[in-house]
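# Descriptive analysis of the structure
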Amino acid sequence: MDSRSARKHQAILEAATAVFLDKGYAGTSMDDIARLAAVSKQTVYKHFADKEKLFAEIVLATTDRVEGVIDLVSDIPADAAGLEAELTRVAGEFLRALTQPQVLRLRRLIIANADAFPELGASWYRQGFERGLASLAGSFRRLAEQGLLRIDDPMLAADHFAGLLLWIPVNQAMFTGGPVHTEAELDHYAEAGVRVFLAAYRTPAPPASRPPLPSTATA
């Protein structure tokens, strides 16, 4: 693909993303996309055989964004004293990455079309969110091996961690159209989620040793 063709291809993808997010899959036409991309409809069809293939490419391309989340959760330092602070930092960045307005809008679009394109939705989940969970599970497994966490099923623990963080803000977004959460609210969800997670999974500290009782024997 030469540079001019590559620019048109990218313009079509960007235009299609905007129109799909604005009008939904059923409400979007190739004419709409061509108009916004400033190309002919024939050019759109030259790059993409039909609307379904264009939609699929847009959806699956967004899974590349998970690389940042994977990098974030894959290297949690094994430091007992700083574990809560480190998990809280990771939780805050994890929340911010997954509650960005465009991410939430795309999630809603994929869910709305899951019945029509079940394989596409499943691929998006496997290549995106599930990969992030698998990386998080790997970090939890390592922390458990180093004695900081008590975990039998690292993948389930990763699901619990993500659920504690995302249940409130993401469900609110799905049902109410995507409210904007303040930094303070996201920090609160991160801190509260980590406290609950550690209450369930942190390895208990060994009991403090007691000094020997003074002898009561008399000479």
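The structure under discussion appears in the preceding block.
Below is a summary of the structure that appears in this document. Predicted model, so just to flag it, every value in this text is computed and none were measured. (Residues numbered from 1 in each chain as written. Predicted model: local features only at pLDDT ≥ 70, side-chain atom pairs only at ≥ 80, totals over all residues. Heavy atoms only, no water.)

## Considerations on the packing of helix α4 (residues 51-61) against helix α8 (residues 118-127)
Here α4 crosses α8 at 20°, and the two axes come no closer than 9 Å. Considered as vectors, α4 and α8 are oriented roughly parallel to each other. Relative to α8, the crossing made by α4 is right-handed. Contacts between α4 and α8 involve F55, A56, V59 and L60 from the first element and L120, S123, W124 and Q127 from the second. Counted by class, the contact of α4 with α8 contains six nonpolar, two polar and no charged residues. (Axes fitted to C-alpha atoms, helices over the stretch in contact; angles between N-to-C directions. Helix = DSSP H or I, 4+ residues; strand = E, 2+ residues; numbered from the N terminus. Parallel < 35°, antiparallel > 145°, perpendicular 65-115°, else oblique. Left-handed = near helix turned anticlockwise from the far one by under 90°. Contact = heavy atoms within 4.5 Å. Nonpolar A, V, L, I, M, F, W, Y, C, P; charged D, E, K, R; others polar.)

## Quick look at the packing of aromatic side chains
Considering all chains together, one arrives at 10 aromatic pairs under this definition. Their ring planes at 75° and their centres at 5.6 Å tell us that F140 and F161 sit as a pair that is edge-to-face. Of this pair, F140 sits in helix α9 (residues 129-145) while F161 sits in helix α10 (residues 154-176); the two residues are 21 residues apart in sequence, bridging distant segments of the chain. An identical accessibility class is assigned to F140 and F161; each is buried. One aromatic cluster in this structure is built from F20, Y25, F55 and F117. (Phe/Tyr/Trp six-rings, centres within 6.5 Å; stacked < 30°, edge-to-face > 60°. Buried < 20%, exposed > 50% of the residue type's maximum accessible area, 1.4 Å probe, protein only.)

## Section: unusual backbone geometry
Backbone geometry at A38 places phi at a positive 60°, although glycine is not the residue there. Its location among the elements puts A38 in the loop between α2 (30-37) and α3 (41-47).

## Re the pattern of salt bridges
Applying the stated criterion across every chain yields a total of eight salt bridges. Residues R35 and D32 are paired through a salt bridge, measuring 3.3 Å at the closest nitrogen-oxygen approach. With R35 and D32 both in helix α2 and three residues apart, this pair spans about one turn of that helix. Of the charged contacts, one joins R89 and E93 as a salt bridge, the two residues approaching to 2.9 Å between their closest N and O atoms. In this pair, R89 and E93 are both assigned in helix α6 (residues 83-98), four residues apart and thus about one turn of the helix distant. Judged by relative accessible area, E93 falls into the partly exposed class, the value being 37%. Beyond isolated ion pairs, a larger network of salt bridges with shared partners links K23, D32 and R35. (Salt bridge = Lys/Arg side-chain N within 4 Å of Asp/Glu carboxyl O.)

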